[in-house]
Amino acid sequence: MNQIYRKSPFWSLAGPLLGYLAIQFGIQLTAQLAIEMPYAVRAYAGLLSGSGDTVSSLQEFLESYMRALEPGFEAIARYQVEIVTLSALGTIILTGILFARDRKLEKKAGVILPERASLSKYWTVIVFGIAGCIAATCLMAMAQLAFYDERYQQTAQITYSAGFLVQMIGLGIVTPVAEELMFRGILYKRFRERQGFWYSALWSALLFSFMHSNTTQMVYTFLLGVLLSYLYEKFGSFRAPVVLHILLNTGSVVFTELGVFRYLAGSPVRMAGAVIAGAFLCSVMFVTIQKMPVRIETHQNTDDTGGMDIFS
């Protein structure tokens, strides 16, 4: 535990989370209104000019108006990935500032932190990310979780309808960084100031899973959240969970674009082989990471420039 005094431990956790949600909601609502407004104006003007002397009931008028707005709703769905990317960028401003302040507070308080693992150890995270992406996707398909989860199907359809570059930047890089800053960089670390690893990891992972709208993603992100917290603890660096999260997301985008999952889905044997091989590699990497020595040292680093590296 990293003992740092805070006037209100509850609001030190709830405040950033509420701010994160408010920024997301505000940006998404603004973007949706900006997309929908031209369609709404044209729909309203068209209904008024076409009504003539016929006076419809209010219900009929509203039904006609909503039908006229359908192109606007389709446009919002079409640009959903871009909207999500903008909202994630907005949250990075808040969480980046809080993250930097927390790390500065740790140094000022002389908190004892795990020594950071060398970059040469990150090959395990890279292999874990690639193998885990393939194994998890194939396993969900074999278990037909996605088939029975209608909201997951809708989310996947909207996600992969965006352009490849947009997916790579928005879903592959911006979103993972934004989520890691909030749920590992802020929430997990603040839980960890007063609680043990499992308490902190489980609660931060649970809050992380609640940010997703369907059962399939909630189960996946909860388990992933615990793993990401473990990597943060084991490597002693924010880099580790960020690298794994980015690899999982970009891997999903790239392998989908290349048709890898379509190829594997063409044969149950290939699907099973991918799951077994991926799970085996992930197990080997986890054991390797688990055996990494963890040494504790006091970071007394004083930076005359006052700069803060959020990836430290």
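Each value, and the rule that gives it
- Residues numbered from 1 in each chain as written.
- Predicted model: local features only at pLDDT ≥ 70, side-chain atom pairs only at ≥ 80, totals over all residues.
- Heavy atoms only, no water.
- Helix = DSSP H or I, 4+ residues; strand = E, 2+ residues; numbered from the N terminus.
- Buried < 20%, exposed > 50% of the residue type's maximum accessible area, 1.4 Å probe, protein only.
- Contact = heavy atoms within 4.5 Å.
- Areas by Shrake-Rupley, 256 points an atom, 1.4 Å probe, with all protein chains shown as cover.
- Arc of directions from axis to C-beta.
- Phe/Tyr/Trp six-rings, centres within 6.5 Å; stacked < 30°, edge-to-face > 60°.
- Expected span 1.5 Å × (residues − 1).
- UniProt positions renumbered as here; feature names shortened; annotations may be inferred.
- Patch = residues over 30% accessible without salt bridge, like charges linked within 9 Å, V, L, I, M, F, W, Y side chains within 5 Å.
- Salt bridge = Lys/Arg side-chain N within 4 Å of Asp/Glu carboxyl O.
- Axes fitted to C-alpha atoms, helices over the stretch in contact; angles between N-to-C directions.
- Parallel < 35°, antiparallel > 145°, perpendicular 65-115°, else oblique.
- Left-handed = near helix turned anticlockwise from the far one by under 90°.
- Nonpolar A, V, L, I, M, F, W, Y, C, P; charged D, E, K, R; others polar.

The protein chain appears in an unreviewed UniProt entry as CPBP family intramembrane metalloprotease from Candidatus Mediterraneibacter faecavium.

Novice: Quick question: what am I supposed to make of the overall build of the protein chain here?
Specialist: Along the backbone of the protein chain there are 13 helices and two strands. A total of 312 residues make up the protein chain; the buried ones form 41% of that total. When contacts within the protein chain are restricted to residue pairs at least 6 apart in sequence, those whose partners lie at least 24 apart make up 83%. Here the protein chain displays about 17,000 Å² of accessible surface, and carbon together with sulfur accounts for 66% of that area.

Novice: Just checking my understanding: could you explain helix α3 (residues 70-78) for this structure?
Specialist: Among all positions in α3, only G72, A75 and I76 are buried. Taken down its axis, α3 places every buried residue within 100 degrees of arc, on the same side.

Novice: Where do I start with the packing of aromatic side chains in this structure?
Specialist: Here a ring pair, both rings aromatic, is described through the centre-centre distance and the interplanar angle of the planes. With the rule as written, the count across this model stands at 14 aromatic pairs. Aromatic side chains Y230 and F286 sit 5.4 Å apart centroid to centroid with 35 degrees between the ring planes, which places their arrangement in the tilted category. In this pair, Y230 sits in helix α10 (residues 215-235) while F286 sits in helix α13 (residues 268-290), placing the two residues 56 residues apart along the sequence. Residue classification places Y230 among the buried residues on the basis of a relative accessible area of 19%. Members of the aromatic cluster, joined through ring pairs, are F99, Y188, F197, W198, Y230, Y232, F238 and F286.

Novice: What is the right way to read helix α11 (residues 239-258) from this model?
Specialist: For an α-helix, the turn length of 3.6 residues means that residues three or four places apart are oriented alike. For α11, which comprises 20 residues, the first-to-last C-alpha distance of 27 Å matches the rise-based estimate of 28 Å (1.5 Å per residue) to within 8%. Looking at the buried residues of α11, the elements they touch are α5 (123-142), α8 (164-192), α9 (197-210), α10 and α12 (260-265).

Novice: It is not clear to me how the UniProt feature "transmembrane region" (unreviewed entry) in the protein chain should be interpreted in this structure. Could you clarify?
Specialist: On the UniProt side, "transmembrane region" (unreviewed entry) is annotated at positions that read residues 12-35, 83-101, 122-146, 158-175, 242-265 and 271-289 here. Segment residues 12-35 splits into 100% helix and 0% strand. End C-alpha atoms: 35 Å apart. The annotated region residues 83-101 carries 100% helix and 0% strand content, and the separation between its end C-alpha atoms amounts to 28 Å.

Novice: Would you explain the environment of Y199 in this entry?
Specialist: Inspection of the secondary structure puts Y199 in helix α9. A C-alpha to C-alpha distance of 9.4 Å links Y199 and Y188, two positions 11 residues apart in sequence.

Novice: Would you explain a nonpolar patch on the surface in this entry?
Specialist: A surface patch of nonpolar side chains, amounting to about 630 Å² of accessible area, comprises F10, W11, L18, L21, F210 and M211. Here the nonpolar patch gets four residues from one element, more than from any other, and that element is helix α1 (residues 9-51). Here F210 shows up in helix α9. By relative accessible area, F210 is classed as partly exposed at 49%.

Novice: Any chance you could explain the packing of α5 against α10 here in plain terms?
Specialist: What describes two packed helices is the angle between their axes and the distance between those same axes. Direction vectors running N to C along α5 and α10 enclose 165 degrees, while the axes themselves pass 13 Å from each other. Considering their axes alone, α5 and α10 lie roughly antiparallel with respect to each other. The element α5 and its partner α10 pack so that their crossing is right-handed. Here T124, V125, F128, A136 and M140 of α5 come into contact with α10, specifically with T216, Y220, L227 and F235. The residue inventory of the contact of α5 with α10, partitioned by class, reads seven nonpolar, two polar and no charged.

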